[in-house]
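What the coordinates show
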Amino acid sequence: MDKIEVKSSDIDEYLRVAIDVAKEAGKVICSALEVEKRIETKESLADLVTETDQQVEKMIISTFHQKFPTHCFIGEESVSSGEKCTLTNAPTWIIDPIDGTTNFVHRFQFSCISIGLLINKRTEVAVVFNPNLDHMYTAKRGHGAYCNNTKLKVSDVNNLQNALILAEFGSSRDPEKMTKRVETMHRIVNKSHGIRSLGSAAMAMCLVASGRGEAYYEYGIHCWDVAAGDLIVREAGGVVLDPSGSDMDMMARRVICACNKDIADQVISLLQTVEFERDSEEVVSGK
Ligand code: LIP
């Protein structure tokens with residue numbers, strides 16, 4: 001498919017609609033916090049889904065579909081129920097209705113709606129909304145990243161010794177993968193100010209973008225966990241890479257983002273690769 005041309009007024013409209021839909025989704029999530037949830041597990045006892053994830057994803061997709069009938073979608077819950085994860089140059093909304101579902105279940109405040117709009121396979125518009133804290137993170141390519149209208153800027157720390165690193169255990173409980181993760185964390189914690197695990201990739205990326213941590217890495221994420229965070233970090237001045245040090249590949253299920261290349265390289269030198277099956281065969285660089 002040929003490259004798509006987009007007008008900047010269209011991009012503004014996409015961002016406006018994404019912010020509105022994220023706010024509506026936030027209301028649904030906040031009211032669901034008060035009621036008992038029916039929880040199902042997906043691939044492990046730590047891979048949860050609730051009716052709210054499904055309900056919110058349907059709501060977001062149907063709103064976008066009404067407004068932009070030619071656009072395509074990749075949603076966490078749609079893929080879980082068998083839809084293909086296919087990305088073309090066409091405008092494609094990549095949606096995680098609740099990133100941090102386990103946090104949502106436990107009312108631990110780091111969960112959010114993550115929405116990235118990719119055009120020509122690059123995120124052009126990003127919205128991450130944490131309704132618990134009322135933090136709305138937004139970015140438009142080339143126009144900076146914001147949280148509730150305050151411009152974001154990454155930290156200027158460039159030595160791992162002075163850095164706080166965000167990392168996750170992820171949802172797989174495969175013993176070999178767990179051993180590698182714990183060993184890596186052990187190496188990093190000995191060479192930095194410490195490690196934090198928040199349970200939401202999108203939130204972790206927004207915190208790096210906000211200068212509240214120097215790097216975040218994870219093996220096992222999916223494209224919907226990072227599609228929006230990718231642009232938010234880049235627009236705040238940070239770097240987003242594959243843990244090998246090459247360009248990030250959104251379908252490769254692994255990512256590192258950092259406030260700068262120096263910190264990224266120092267973390268990368270300590271990482272152990274954890275293998276996961278890709279989301280799709282295409283290589284999708286956010287650059
Ligand atoms: C979660 C991620 C988190 C990761 C979990 C899971 P979900 O997303 O954001 O960082 O460690 O494995 O993928 O499933 O709550 O949308």
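As the structure is a computational prediction, the values presented were derived from the model and not from experiment. (Residues numbered from 1 in each chain as written. Predicted model: local features only at pLDDT ≥ 70, side-chain atom pairs only at ≥ 80, totals over all residues. Heavy atoms only, no water.)

**A word on the pairing of strand E4 (residues 92–99)**
Regular strands have side chains that alternate between both faces of the sheet. Most of E4 is tucked away, with eight of its eight residues classed as buried. As judged from the four bridges shared by strand E3 (residues 72–75) and E4, these two strands associate in the parallel manner. From the neighbouring strand, Ile 74 faces E4, where its bridge partner is Ile 94. Examined bridge by bridge, E4 and strand E5 (residues 112–119) share six bridges and lie antiparallel to one another. (Buried < 20%, exposed > 50% of the residue type's maximum accessible area, 1.4 Å probe, protein only. Helix = DSSP H or I, 4+ residues; strand = E, 2+ residues; numbered from the N terminus. Pairing = 2+ DSSP bridges.)

**A short note on empty space enclosed by the protein**
Tallied over the entire structure, the rule returns one cavity of 30 Å³ or more. Considering only enclosed or pocket space, the largest cavity measures out at about 60 Å³ in volume. Lining the largest cavity are Glu 168, Arg 181, Thr 184, Met 185, Tyr 217, Glu 218, Tyr 219, Gln 272 and Val 274. Contributing elements (two or more residues each) for the lining of the largest cavity: helix H5 (175–189) and strand E12 (215–219). When the residues that make up the lining of the largest cavity are grouped by side-chain class, the tally is four nonpolar, two polar and three charged. (1 Å grid on protein atoms, 1.4 Å probe; cavity = no way out; pocket = protein on both sides within 12 Å on 5 of 7 lines; lining within 4 Å. Points joined across faces, edges and corners; volume = space filled by probe spheres on them. Nonpolar A, V, L, I, M, F, W, Y, C, P; charged D, E, K, R; others polar.)

**Let's talk about the site of the ligand**
Within the structure, the ligand sits among 14 residues, and Asp 96, Asp 99, Gly 100, Thr 101 and Glu 218 are positioned closest to it. Measuring from an oxygen atom of the ligand, one finds a side-chain N or O atom of Glu 76 at 3.0 Å. Within the backbone of Ala 201, one N or O atom sits 2.8 Å away from an oxygen atom of the ligand. Considering the ligand on its own, with 380 Å² of exposed area, one finds that the protein chains cover 91% of that surface. Most atoms of the ligand, that is more than half of them, are within 2 Å of grid points of the largest pocket. Ranked by residue count, the leading element in the shell around the ligand is E4, at three residues. For the shell around the ligand, the residue count by class is two nonpolar, six polar and six charged. In this structure, the shell around the ligand is formed jointly by two domains, domain 1 (8–151) and domain 2 (160–268), each of which donates at least three residues. (Near = heavy atom within 4 Å. Polar contact = N/O pair within 3.5 Å; in protein donor to acceptor, adjacent residues only side chain to side chain. Areas by Shrake-Rupley, 256 points an atom, 1.4 Å probe, with all protein chains shown as cover. Sits in = over half its atoms within 2 Å of the grid points. Domains from an automatic or database assignment.)

**Topic: helix H7 (residues 223–235)**
If you check H7, its first and last C-alpha atoms are 18 Å apart, about what 13 residues at 1.5 Å a residue would give, namely 18 Å. Counted residue by residue, H7 has 13 buried out of 13 residues, so it is predominantly covered. At the exit of H7 stands Gly 237, carrying a positive phi of roughly 100°. (Expected span 1.5 Å × (residues − 1).)

**Overview of unusual backbone geometry**
Positive phi is not limited to glycine here, since Arg 107 has a value of about 55°. Checked against the element boundaries, Arg 107 lands in the loop between helix H4 (101–106) and E5. Note on Arg 107: relative accessible area 54%, which makes it exposed.

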